[in-house]
Amino acid sequence: MSGRGGNNRKNRHRFSGRKEDPAKKSENQNLNKTNNQIFSDQKHEKNTPPAHERPRWTAPVLPANPITTPNCPWCGKQINDITTAISDRESGRPVHFDCVLARIVEMERLDTNDSVCYIGGGRFGIIHYNNPPDMRDFTVKKILEWEIKEKDHEWRRPISEYYSTT
């Protein structure tokens, strides 16, 4: 095949033998306009304001409260990423996420193919994988409520000021 076959209906003018010359077309348009209209064409005018002004973007104002990086009460190391911290059950102070995972693994008896996972909302779950290579086939054996949803933690307030706009 030569590559010229197919549906040429939309481009039929190419094969009809007549071609439109773009230079002639623009000359015909310019003949219909006076000299003032040629140089003040609204389509090509760059300094004309748009029909409606878009509001200018202003940078958000950072809150006055700085984000602190306290020490973990369990391991004594500094919590560098406070956004991943979880509240201690008893004191309500921020604790490393990994420290909570390690504590749950120590507290709970895990069978083979069991794992501890964060399932959201301050809850952890003990997950049993029926076929470990296939991570889609699992059952939740136990749910551990770690954080109380109704309790507000004062250490989270400065963090929410940085991330929440409403």
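The structure under discussion appears in the preceding block.
Now for a look at the structure at hand. (Residues numbered from 1 in each chain as written. Predicted model: local features only at pLDDT ≥ 70, side-chain atom pairs only at ≥ 80, totals over all residues. Heavy atoms only, no water.)

### Focus on the nonpolar core
Among the nonpolar cores identified, the biggest contains 15 residues, and Ile82, Val100, Ile104, Phe124 and Trp146 are the most heavily contacted of them. The greatest single-element share of this core, amounting to three residues, is contributed by helix α4 (residues 97-107). Not counting chain neighbours up to four residues away, the residues in contact with valine 100 comprise Trp74, Ile86, Val95, Phe124 and Trp146. (Core = buried A, V, L, I, M, F, W, Y, C linked by side-chain atoms within 4.5 Å. Buried < 20%, exposed > 50% of the residue type's maximum accessible area, 1.4 Å probe, protein only. Helix = DSSP H or I, 4+ residues; strand = E, 2+ residues; numbered from the N terminus. Contact = heavy atoms within 4.5 Å.)

### Digging into α4
All of the buried residues in α4 are Cys99, Val100 and Ile104. Each buried residue of α4 sits inside an arc of 135° when the element is viewed along its axis, so together they form one side. Across from the buried face of α4, at angles greater than 90 degrees, the exposed residues are Asp98 and Glu106. Each element contacted by the buried residues of α4 is listed here: β1 (86-87), β2 (94-95), β3 (114-120), β4 (123-129) and β5 (138-145). (Arc of directions from axis to C-beta.)

### Regarding the sheet that holds β5
The strands making up a sheet associate through backbone hydrogen bonding, with each pair oriented either parallel or antiparallel. Overall, antiparallel pairing links the three strands, which are arranged β3-β4-β5 in an open sheet. Each edge of the open sheet is held by one strand with a lone partner, namely β3 and β5. Adjacent strand axes in the sheet meet at a mean angle of 30°, parallel and antiparallel pairs treated alike. Pairing analysis gives six bridges linking β3 to β4, with the strands arranged antiparallel. Within the sheet, the bridge partner assigned to aspartate 114 lies in β4 and is histidine 128. (Pairing = 2+ DSSP bridges. Axes fitted to C-alpha atoms, helices over the stretch in contact; angles between N-to-C directions.)

### Considerations on the packing of aromatic side chains
By convention here, two paired aromatic rings are described through the distance between centres and the angle between planes. Counted according to the given criterion, the structure contains six aromatic pairs. Between tryptophan 74 and tryptophan 146, the aromatic rings sit 6.1 Å apart at their centres with planes inclined by 85°, giving edge-to-face as the arrangement. Of this pair, tryptophan 74 sits in the loop between α3 (35-39) and β1 while tryptophan 146 sits in the loop between β5 and α5 (157-163), and the two are 72 residues apart along the sequence. Three or more aromatic residues link up through ring pairs in this structure, and these residues are Trp74, Phe97, Tyr118, Phe124 and Trp146. The ring of tryptophan 74 has arginine 103 sitting right over it, with the charged end atom 3.7 Å from the ring centre. (Phe/Tyr/Trp six-rings, centres within 6.5 Å; stacked < 30°, edge-to-face > 60°. Lys NZ or Arg CZ within 6 Å of the ring centre and 35° of its normal.)

### Observations concerning a nonpolar patch on the surface
A cluster of nonpolar residues, Leu62, Ile67, Tyr162 and Tyr163, forms a patch on the protein surface that exposes about 430 Å² of accessible area. Relative to the helices and strands, isoleucine 67 is located in the loop between α3 and β1. When its relative accessible area of 34% is taken as the criterion, isoleucine 67 is described as partly exposed. (Patch = residues over 30% accessible without salt bridge, like charges linked within 9 Å, V, L, I, M, F, W, Y side chains within 5 Å. Areas by Shrake-Rupley, 256 points an atom, 1.4 Å probe, with all protein chains shown as cover. Salt bridge = Lys/Arg side-chain N within 4 Å of Asp/Glu carboxyl O.)

### Digging into the environment of threonine 112
Its location among the elements puts threonine 112 in the loop between α4 and β3. In this structure the C-alpha to C-alpha distance between threonine 112 and tyrosine 129, which are 17 residues apart in sequence, comes to 8.9 Å.

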